[in-house]
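Analysis of the macromolecular model
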Amino acid sequence: MEKKREMFAGENGLQGDPRLKAISEAIRVVPHFPKPGIMFQDITTLLLDHKAFKDTVDIFVDRYRDMDISVVAGVEARGFMFGPSIALAIGAKFVPLRKPKKLPGEVISEAYVLEYGTDCLEMHVGAVQPGERALVIDDLVATGGTLCAAIKLLERVGAEVVECACVIGLPEAKGTVQVKWKAVVHPCGAPQVDNSYHVTKDKKLRKLKVSPTIGIVGFGGECPASKLSSSSGSSSQ
């Protein structure tokens, strides 16, 4: 775990940065929430720590302030907690990517596959203009499915997605990351979890090791073509 943390941090000039340890320690892990087998990464405890919260935002801002980004797109809902602060600091607008029927105007939609079903992200038509450089913000990345949908949504209106930025990275939680995306950034990570569980077919809980990443790392590659339909239309609050 420590070796992995050092690798990610070292690749981006953060090796030995004392902010990473404090941010990591501020994130609480809640076992078996919202259902058995889930180790919930609770960032509300990070938000309670003014210095750790500020340090998290500052790490993002330091990375993106000179990248000519005009759009910060936050993924509902926890992307809304970090996105606006980052947008204000780098001089960009904030665009919420919301779940269905949450936005009042005309929307463009992108569906994506979850482990046990499907979901959808929506964005107001006209919120992002062709040629704008965008950053996608969320709290956590596991399989990358939500981020992939966000990238497709923005690219369909002609935006250039520069990177996706997440506070916590959990690629090991699903065994392997099955979805590729342009770039994902983990500025910090949750505490190491040694007693994670998954539910077996006979309904028993079995231990497995999950090692959240810490530091910043980028993954190359394009999002694959969506297997689900995309659409635009109207949605009411």
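Residues numbered from 1 in each chain as written. Predicted model: local features only at pLDDT ≥ 70, side-chain atom pairs only at ≥ 80, totals over all residues. Heavy atoms only, no water.

Before going further, it helps to examine the overall build of the protein. Counting secondary structure elements, the protein contains six helices and 12 strands. If you take every contact in the protein between residues at least 6 apart in sequence, the share linking residues at least 24 apart comes to 67%. (Helix = DSSP H or I, 4+ residues; strand = E, 2+ residues; numbered from the N terminus. Contact = heavy atoms within 4.5 Å.)

Attention now goes to the state of the cysteines. According to the stated counting rule, one finds zero disulfides in the structure shown. With no disulfide of its own, Cys-166 lies closest to Cys-164 among cysteine sulfurs, the gap being 6.8 Å. Residue classification places Cys-166 among the buried residues on the basis of a relative accessible area of 0%. (Disulfide = S-S within 2.5 Å. Buried < 20%, exposed > 50% of the residue type's maximum accessible area, 1.4 Å probe, protein only.)

As a packed pair, helix α2 (residues 18-26) and helix α4 (residues 50-64) sit with axes 9 Å apart at the nearest point and diverge in direction by 125 degrees. Regarding the angle of α2 to α4, the classification is oblique. Remark: the crossing between α2 and α4 carries left-handed chirality. Taken together, the residues of α4 that come into contact with α2 (itself represented by Arg-19, Leu-20, Ala-22, Ile-23 and Ala-26) are Ala-52, Asp-55, Thr-56, Asp-58, Ile-59 and Asp-62. For the contact of α2 with α4, a count of residues per class yields six nonpolar, one polar and four charged. (Axes fitted to C-alpha atoms, helices over the stretch in contact; angles between N-to-C directions. Parallel < 35°, antiparallel > 145°, perpendicular 65-115°, else oblique. Left-handed = near helix turned anticlockwise from the far one by under 90°. Nonpolar A, V, L, I, M, F, W, Y, C, P; charged D, E, K, R; others polar.)

The next thing to look at is the side chain of Thr-56. Examined against the element boundaries, Thr-56 turns out to sit in helix α4. The exposure class of Thr-56 is buried, given its relative accessible area of 0%. Within the structure, the side chain of Thr-56 is placed 2.8 Å from the backbone oxygen of Ala-52, a separation counted as a polar contact. (Polar contact = N/O pair within 3.5 Å; in protein donor to acceptor, adjacent residues only side chain to side chain.)

Turning our eyes to something else, we now look at the confidence of the model for the protein. Mean pLDDT over the protein: 73, with 64% of residues reaching 70 or higher. Per-residue pLDDT, averaged within each element of the protein, yields its smallest value for strand β10 (residues 193-199) (36) and its largest for strand β4 (residues 93-97) (98). Predicted confidence for residues 1-11 stays below pLDDT 50, and this span has 26 contacts to residues more than four positions away or in other chains. Within the model, pLDDT remains below 50 along residues 172-183, and this stretch shows 39 contacts once partners closer than five positions in the same chain are excluded. (pLDDT = per-residue confidence, 0-100.)

Looking now at the pattern of salt bridges. With the rule as written, the count across this model stands at 13 salt bridges. The partner of Arg-156 in a salt bridge is Glu-110, with the nearest N and O atoms 3.0 Å apart. Of this pair, Arg-156 sits in helix α6 (residues 145-156) while Glu-110 is found in strand β5 (residues 106-114), placing the two residues 46 residues apart along the sequence. Judged by relative accessible area, Glu-110 falls into the buried class, the value being 1%. Salt bridges sharing common partners tie together Arg-19, Asp-62 and Arg-65. (Salt bridge = Lys/Arg side-chain N within 4 Å of Asp/Glu carboxyl O.)

On to α6, then. With 12 residues, α6 extends 17 Å from end C-alpha to end C-alpha; this agrees with the ideal 16 Å at 1.5 Å per step. Along α6, nine of the 12 residues are buried, which leaves the element largely enclosed by surrounding structure. Turning to α6, its buried residues number three or more, namely Gly-145, Leu-147, Cys-148, Ala-149, Ala-150, Ile-151, Lys-152, Leu-153 and Leu-154. In the stretch just after α6, Gly-158 is the one whose phi turns positive, near 90 degrees. (Expected span 1.5 Å × (residues − 1).)

Both trends apply: most residues other than glycine have a negative phi, and most peptide bonds are in trans. For the bond running from Phe-33 to Pro-34, omega is 5 degrees, close enough to zero to count as cis. The omega torsion across Glu-76 and Ala-77 is 0 degrees, close enough to zero to call that bond cis. Examined against the element boundaries, Ala-77 turns out to sit in the loop between β3 (71-75) and α5 (79-90). Notably, His-32 is not glycine yet its phi reads approximately 60 degrees, a positive angle. Phi is positive for Lys-101, which is not a glycine, with a value near 65 degrees. Note on placement: Lys-101 falls in the loop between β4 and β5.

Bringing the packing of aromatic side chains into the picture now. The description of two aromatic rings rests on the distance between their centres and on the angle between their planes. One pass over the structure, following the stated rule, counts three aromatic pairs. Where Phe-33 meets Phe-40, the ring centres are 5.2 Å apart and the plane angle is 85 degrees; that geometry is what we call edge-to-face. (Phe/Tyr/Trp six-rings, centres within 6.5 Å; stacked < 30°, edge-to-face > 60°.)

One finds Leu-46, Ile-86, Ile-90 and Leu-135 to be the most contacted residues of the largest nonpolar core, which totals 25 residues. Contributing elements (two or more residues each) for this core: α2, α4, α5, β7 (133-141) and β8 (160-169). What Leu-135 contacts, discounting residues up to four positions off in sequence, is Tyr-64, Ile-69, Val-71, Val-72, Ala-73, Ile-86, Glu-163, Cys-164 and Ala-165. (Core = buried A, V, L, I, M, F, W, Y, C linked by side-chain atoms within 4.5 Å.)

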